[in-house]
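Coordinates in review
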Amino acid sequence: MCDIFVDKLPVELIYRIYDNLDFETILLNVRYVCKRFYDISNNYNRYSIDFHSISMINYKIVCKLLNPLNIRKLIVSNDEKTIGLIKEFLLKYNLNEFVNIHYLMLSHIEDKELEESLEQIKDLSLNQLSIVNFDLYNNINVKYNLLDKVLTRSYLKKVDLEFRLADVKDFPWPIECQIEYLRIGNILTFQQFYTILE
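The following refers to the structure shown. What you see is a predicted model; the values in this text were computed from it and never measured.

What follows is about helix 4 (residues 56-65). Along helix 4, the residues classified as buried are Y59, V62 and C63. What you see down the axis of helix 4 is that its buried residues fit within an arc of 105 degrees, all on one side. Across from the buried face of helix 4, at angles greater than 90 degrees, the exposed residues are I57 and K64. Against the buried residues of helix 4 lie helix 2 (23-28) and helix 5 (85-92).

Dropping the structure here:
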């Protein structure tokens, strides 16, 4: 009979197990099982962090344990469960610290926070960007920043924009855009649609 102990598995296998666990389970539970898991959790560099529905107590604990270099996917939200979280997150971190991030989602974000976020991510090699539940009625400058400064990046391949754009007559789609996948979660006029395709 052969005994197999999980804590004796090769790091690569433990990483594969971590790939199937949520970040709270890894950082708040598995990390404290033994010294080896503690070290592996600190060095694991494929975290998918979803602050969409985290409790504020767990958020504060996780932020103390987080290494921005180990995060591949980040979701930050200001929805009804996490009101004010994006502002608090931006006070604690600068998004340009997350140099290995591939996917960023900002949900229910305010104008000022979006402008600050767009400025901070300008040098990151994001492959995917999602900005959801955002109201572009009031701030035309944010619209131009979003469509011009972000969408012209050659490394950005997948974009998901879910915002209200009904009052915007001119839709300034950047010519240099190399996006391969685009979802715009609102109604476009035929002219706006034509501008994107052109």
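There is more to say after this.
Residues separated by three or four positions in an α-helix point in the same direction, a consequence of the helix having 3.6 residues per turn. Among the residues of helix 6 (residues 111-120), E113, L114, S117, L118 and Q120 are the ones counted as buried. With its buried residues spanning 160 degrees around the axis, helix 6 presents them on a single face.

Turning our attention to the packing of aromatic side chains. If you walk through the whole model with that rule in mind, you get ten aromatic pairs. Between the aromatic rings of Y32 and Y38, the centroid separation amounts to 6.3 Å while the plane-to-plane angle is 55 degrees, which identifies the pairing as tilted. In this structure an aromatic cluster arises from ring pairing among F23, F51, Y59, F89, Y93 and F98. Its guanidinium or amino end placed over the ring of Y103, K73 lies 5.2 Å from that ring's centre, counting from NZ or CZ. The side chain of K92 reaches across the aromatic face of Y93, ending 5.8 Å from its centre.

Scanning the model with the defined rule gives one cavity of 30 Å³ or more in all. Size it by volume and the largest cavity reaches roughly 30 Å³. Forming the walls of the largest cavity are L95, F98, I101, L104, I121, L124 and L126.

Parameters and conventions
- Residues numbered from 1 in each chain as written.
- Predicted model: local features only at pLDDT ≥ 70, side-chain atom pairs only at ≥ 80, totals over all residues.
- Heavy atoms only, no water.
- Buried < 20%, exposed > 50% of the residue type's maximum accessible area, 1.4 Å probe, protein only.
- Helix = DSSP H or I, 4+ residues; strand = E, 2+ residues; numbered from the N terminus.
- Arc of directions from axis to C-beta.
- Contact = heavy atoms within 4.5 Å.
- Phe/Tyr/Trp six-rings, centres within 6.5 Å; stacked < 30°, edge-to-face > 60°.
- Lys NZ or Arg CZ within 6 Å of the ring centre and 35° of its normal.
- 1 Å grid on protein atoms, 1.4 Å probe; cavity = no way out; pocket = protein on both sides within 12 Å on 5 of 7 lines; lining within 4 Å.
- Points joined across faces, edges and corners; volume = space filled by probe spheres on them.

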